[in-house]
Amino acid sequence: MITNLLSLGWDVNPTDPNKWFIILGVMLAGGVGAFLLSKAPTSSRRSIIVAFTFVSGLFWVLKYLWPEPIAFREGDVPRNGIEGFGKYLTDGVPFVSTLAQTLTAFLLGLGIFSLLRVHLTKISRKQKDWQFSVILLISLVTVCFFGYWDWILFNFRMKDVLVSDDPSTWTWVNQVQDILFDGLLQNMDAAMFSLIAFFIFSAAYRAFRIRSVESSLLMVSALIVMLSLMGALTFVWNSAVLQASGGNPVHFLSNFRLDTIAGWVQSNVQVPALRALEFGVGLGALAMGLRLWLGLERGGVSQ
Amino acid sequence: MQYLDTGWFGIFVTVTIVVFVLFNIARAGKSKGEIFIRRIPGLNALDDAIGRATEMGRPVLMVPGIGSLDAVSVQAVTIFANVTKQAAQFGTPIRLCCADAAVYTLAQEVIRDVYQSQGMIERMDQNSVQFVSDRQFAFAAGVQGIILREQVAATFLLGAFYAESLIFAESANSIGAIQIAGSTQNTQTPFFIAACDYVLIGDEFYAASAYITRQPVLVGSLVGQDWGKMLIISFVVLGTILNSYEFKQPKTTQRVDTTAEVRGGNENVSSIEPYDGDPRTKTPDDTFVYRMFNPIVSPEMLTIEREKEQVEESVEPTEEEVTE
């Protein structure tokens with residue numbers, strides 16, 4: 001029976017004559033499910049969320065723990081139940097990912113609703129700088145309008161106009177979309193990104209002021225690494241070291257070449273510290289995921 | 001790859017850490033005494049930051065990073081729920097800016113629940129949780145605008161931050177806001193250390209909710225994580241000793257990694273062959289530790305007989321049939 005269930009797979013066969021009934025049935029079941037959920041008492045809300053979270057998480061836990069078939073090729077028949085279930089889970093990944101994407105698409109609508117509510121309130125109450133909100137909303141509508149029109153022209157080739165990546169095939173709509181996206185948005189992104197250079201400068205100035213042993217260590221190690229990247233200076237320093245060591249490259253003094261010191265700082269001080277942090281972050285994420293999956297967390301998100 | 005044959009070690013370590021966490025959660029639920037958690041300055045400053053915002057009558061800004069809805073964002077929102085609880089009691093305005101629609105929806109529900117649980121739902125500003133943009137620098141520009149226009153008194157930058165981290169931190173610094181920050185992205189932590197007053201480094205970010213609430217489940221989980229750390233440290237120490245010993249041993253075999261055609265597809269395979277080069281000591285890929293993480297997979301291990309699915313062949317109509 002399990003084999004029969006697994007053989008149903010995740011997708012509806014496009015040539016199945018009953019596919020429309022299946023789609024309609026799934027949509028109806030979804031609607032009924034949503035209605036029942038909305039009528040569920042508040043006290044049972046947490047249990048429902050925990051159950052949904054557990055089932056969703058179980059898929060990925062099984063995907064991680066269940067053995068995958070070795071050297072499985074297209075059209076192969078699984079040898080046994082273990083291989084069959086492993087294949088079933090692997091085949092299910094695109095389906096489950098699509099479900100997550102569909103959910104995210106709905107949530108994006110809620111995000112845009114939030115944006116509209118915040119800025120329409122600001123405009124209607126004539127709050128401070130309400131003019132910027134007007135510009136934001138006009139930009140939002142304009143980019144959406146031309147973005148969709150451009151997309152339709154590219155994908156559906158309306159009115160026999162063949163639009164491709166070649167600008168000579170573009171209509172005025174594609175031109176406007178290009179100006180809005182590549183001409184304005186990308187450049188504004190680049191401008192914001194460039195601002196970071198100045199922020200790094202001001203932040204680094206404060207961080208490198210020698211106030212304590214830690215900041216002194218920070219400054220010295222940063223100075224060594226930065227200087228090691230300057231070719232001319234590295235050449236002069238290393239030549240002096242080589243001369244002092246009598247031209248012997250395996251002499252003890254060769255350890256004091258600028259690039260060797262910088263390499264030592266990076267691989268023996270920086271990398272171990274980062275690895276240690278990564279272990280801690282990974283363990284934290286694992287424990288957090290486990291608590292959420294099993295519904296063990298009380299308060300905050302899971303309340 | 002089928003890890004019943006190879007690569008079992010990673011699964012074993014993960015499952016062991018899961019057992020550690022669950023065991024300590026169960027243990028913490030039964031224990032009566034409070035488990036000690038070392039002082040985390042960034043979290044001790046939480047009250048000061050909210051108190052300062054209350055005195056100045058300015059908002060508290062919270063940003064859960066620009067990541068999608070995952071453990072990092074959920075943890076950030078959980079910390080923000082605790083911040084909001086205190087802000088609600090003092091009537092301090094809050095601003096929570098999101099770059100991901102799913103995180104926004106979650107944050108909105110959580111913040112509403114917090115105000116409701118405090119019996120102060122009327123104090124909640126519907127616009128306090130807002131979706132700004134899902135484009136990185138549009139979001140950065142939007143949040144920077146809020147920081148400067150509303151002259152926020154305290155900022156909590158907790159979550160997955162990337163290049164925009166310094167834009168937020170320096171803007172808030174320029175208006176004298178108290179800043180508590182923490183990122184799971186190690187590349188951004190130095191920026192936060194340079195620009196913010198308090199920084200949660202590494203797993204302190206995940207310890208925050210246990211530190212603030214002292215709930216047995218969270219504290220037990222924290223102890224489980226520490227056991228996991230001890231396990232990893234012991235592996236590091238053992239691996240160092242083992243490798244140091246092996247690097248002194250003469251090289252007698254060598255590992256050959258290649259690809260082989262197995263059942264109509266290419267697979268990575270490897271083999272151990274006798275070493276006949278110049279006498280030398282073992283190289284890193286000769287060590288036991290390397291082989292444990294990169295097991296030897298021979299073509300024979302991949303040779304498995306399987307039947308092919310029966311495909312119904314569609315019979316193309318002949319030209320004569322079409323004409324008829």
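Since the structure is predicted, the reported quantities are computational estimates derived from the model, not experimental observations. (Residues numbered from 1 in each chain as written. Chains lettered and ligands numbered in written order. Predicted model: local features only at pLDDT ≥ 70, side-chain atom pairs only at ≥ 80, totals over all residues. Heavy atoms only, no water.)

1. Some points on the overall build of chain B
We count it as follows: Going along the chain from the N terminus, every DSSP run of H or I of four or more residues is numbered as a helix, and every run of E of two or more is numbered as a strand. Restricting the calculation to C-alpha atoms gives the radius of gyration, and the globule rule supplies 2.2 Å times the number of residues raised to the power 0.38. Burial classes: relative accessible area under 20% of the type maximum marks a residue as buried, over 50% as exposed, and values in between as partly exposed (1.4 Å probe, protein chains only). In what follows, a contact means two residues having at least one pair of non-hydrogen atoms within 4.5 Å.
Along the backbone of chain B there are 12 helices and 8 strands. Relative to the 2.2 N^0.38 estimate, which gives 20 Å for 324 residues, the radius of gyration of chain B is 28 Å and therefore markedly larger than a compact globule would have. C-alpha atoms of chain B, sized along the principal axes, occupy 80 × 75 × 45 Å. Scored against the burial criterion, the 324 residues of chain B give a buried share of 50%. A fraction of 72% describes how many contacts in chain B between residues 6 or more apart in sequence connect residues 24 or more apart.

2. Looking at the overall build of chain A
Keep this limit in mind: All accessible areas in this document rest on Shrake-Rupley with a 1.4 Å probe, and a residue is counted as covered only by the protein chains that are shown. Here the positive residues are Lys and Arg and the negative ones are Asp and Glu; neither His nor the chain ends is included. Charge placement uses NZ in Lys and CZ in Arg. For Asp and Glu, CG and CD serve respectively.
Of the regular secondary structure elements, chain A holds 9 helices and 0 strands. The linear arrangement of helices and strands in chain A, starting from the amino end, is α-α-α-α-α-α-α-α-α. Relative to a compact globule of 303 residues, whose C-alpha radius of gyration would be 19 Å, chain A shows 30 Å and is clearly more extended. In terms of principal-axis extent, the alpha carbons of chain A reach across some 85 × 60 × 50 Å. Burial analysis of chain A (303 residues in total) assigns 22% to the buried set. Counting contacts in chain A only where the partners sit at least 6 residues apart, residues at least 24 apart contribute 41% of the total. Here chain A has roughly 20500 Å² of accessible surface; of this, 72% comes from carbon and sulfur atoms. Measuring between centres, the 22 positive side-chain charges of chain A sit 14 Å from its 19 negative side-chain charges.

3. Brief notes about the state of the cysteines
All names here are of chain B. How we decide: Cysteine sulfur atoms are paired as a disulfide whenever they come within 2.5 Å of each other.
Applying the stated criterion across every chain, the model contains 0 disulfides over all chains. This cysteine, Cys97, is not joined by any disulfide, and Cys98 carries the nearest cysteine sulfur, 7.3 Å off. Its sulfur unpaired, Cys196 is 16 Å from the next cysteine sulfur, which belongs to Cys97.

4. What about the environment of Val72 of chain B?
With respect to the helices, strands and loops of the structure, Val72 of chain B is situated in helix H3 (residues 71-90). For Val72 of chain B, the contacting residues outside a window of four places in its chain are Gly159, Ala160, Thr184, Phe205 and Tyr206 of chain B.

5. A few points about the environment of Asp257 of chain B
Residue and element names in this part refer to chain B. What counts here: Definition of a polar contact: a pair of N or O atoms within 3.5 Å, with one able to donate and the other able to accept a hydrogen when the atoms are protein atoms, and with sequence-neighbouring residues admitted only if both atoms are side-chain atoms.
Among the structural elements, Asp257 can be located in strand E7 (residues 253-262). Taking relative accessible area as the criterion, Asp257 reaches 47% and is therefore assigned partly exposed. Residues contacting Asp257, with those up to four places away along its chain left out, are Val269 and Ser270. There is a polar contact of 2.9 Å between the side chain of Asp257 and the side chain of Arg255.

6. Describing the domain arrangement of chain B
Rules: Where each domain begins and ends follows an automated or database-derived domain assignment.
Examined at the domain level, chain B breaks down into domain 1 (38-213) and domain 2 (253-302). Between the C-alpha centres of domain 1 of chain B and domain 2 of chain B the distance comes to 50 Å.

7. A look at the domain arrangement of chain A
Size of an interface, as often reported, equals the accessible area lost when the parts are brought together. Segmenting chain A into domains produces domain 1 (1-11 + 20-109), domain 2 (128-208) and domain 3 (214-295). Measuring from the centre of the C-alpha atoms in domain 2 of chain A to the corresponding centre in domain 3 of chain A gives 40 Å.

8. Regarding the pattern of salt bridges
Oppositely charged side chains may form a pair once their charged atoms are brought near each other. To keep things clear, this is the line we draw: A pair is scored as a salt bridge if a Lys or Arg side-chain nitrogen falls within 4 Å of a carboxyl oxygen belonging to Asp or Glu.
Following the criterion strictly, the structure yields 20 salt bridges over all chains and no others. Here Lys229 of chain B makes a salt bridge to Asp203 of chain B, at a shortest N to O gap of 2.4 Å. Residue Lys229 of chain B is found in helix H9 (residues 216-246), and its partner Asp203 of chain B is found in the loop between strand E6 (198-200) and helix H8 (204-213); the two are separated by 26 residues along the sequence. The exposure class of Lys229 of chain B is partly exposed, given its relative accessible area of 26%. Connected via shared salt-bridge partners are Asp76, Arg79 and Glu83 of chain A together with Arg306 and Lys308 of chain B.

9. Observations concerning unusual backbone geometry
A positive phi angle is found at Asp129 of chain A, which is not glycine, with a value near 60°. Here Asp129 of chain A shows up in the loop between helix H4 (81-124) and helix H5 (130-156). Judged by relative accessible area, which is 21%, Asp129 of chain A ranks as partly exposed. Here Arg214 of chain B, not a glycine, exhibits a phi torsion of approximately 60°, which is positive. As for its position among the elements, Arg214 of chain B is in the loop between H8 and H9. Residue classification places Arg214 of chain B among the partly exposed positions, given a relative accessible area of 30%.

10. So, the packing of helix H2 (residues 41-56) of chain B against H3 of chain B
All names here are of chain B. Rules: Axis definition: a line fitted to C-alpha atoms, over the contacting stretch in the case of helices. Angles run 0 to 180 degrees between N-to-C directions. By definition, any crossing whose near helix is turned counterclockwise from its far helix by less than a right angle is left-handed, and any crossing with a clockwise turn is right-handed. Gly is placed with the polar residues, together with every amino acid not listed as nonpolar (Ala, Val, Leu, Ile, Met, Phe, Trp, Tyr, Cys and Pro) or charged (Asp, Glu, Lys and Arg).
Relative to each other, H2 and H3 sit at 35°, their axes nearing to 10 Å. H2 and H3 meet at a crossing whose hand is right-handed. Mapping the contact onto sequence places Leu46, Asp47, Ile50 and Thr54 in H2 and Val83, Gln86, Ala87 and Phe90 in H3. Of the residues contributing to the contact of H2 with H3, the split by class is 5 nonpolar, 2 polar and 1 charged.

11. Here we look at the sheet that holds strand E3 (residues 129-131) of chain B
Backbone-to-backbone hydrogen bonds join strands into a sheet, with any given pair of strands oriented parallel or antiparallel. Residue and element names in this part refer to chain B. This is how it is decided: If DSSP finds at least two bridges between two strands, the strands pair.
Strand order in this open sheet of 6 strands is E3-E2-E1-E4-E5-E6, and the pairing throughout is parallel. Every interior strand has two partners, whereas the edge strands, E3 and E6, have only one. Put simply, the sheet's adjacent strands are angled 15° from each other on average, direction ignored. Relative to strand E4 (residues 154-160), strand E1 (residues 60-65) is paired through 5 bridges, and the arrangement is parallel. Bridge pairing in E4 places Val63 opposite Leu157. Taken strand by strand, helix H5 (residues 136-150) contacts E1, strand E2 (94-98) and E3, and its axis lies near 165° from that of E1. Lying over the sheet, H8 contacts E4, strand E5 (178-183) and E6, oriented at roughly 100° with respect to E6.

12. Some remarks on the nonpolar core
Residue and element names in this part refer to chain B. The condition that has to hold: Buried residues of nine kinds, namely Ala, Val, Leu, Ile, Met, Phe, Trp, Tyr and Cys, make up a nonpolar core once their side-chain atoms join them within 4.5 Å.
By size, the foremost hydrophobic cluster in this structure holds 58 residues, and its most contacted members are Val60, Met62, Leu96 and Phe156. A total of 11 residues in this core trace back to one element, the largest contributor, which is H3. In contact with Phe156, not counting residues within four places along its chain, are Leu46, Ala49, Ile50, Val60, Leu61, Met62, Val63, Phe80, Val83 and Ile180.

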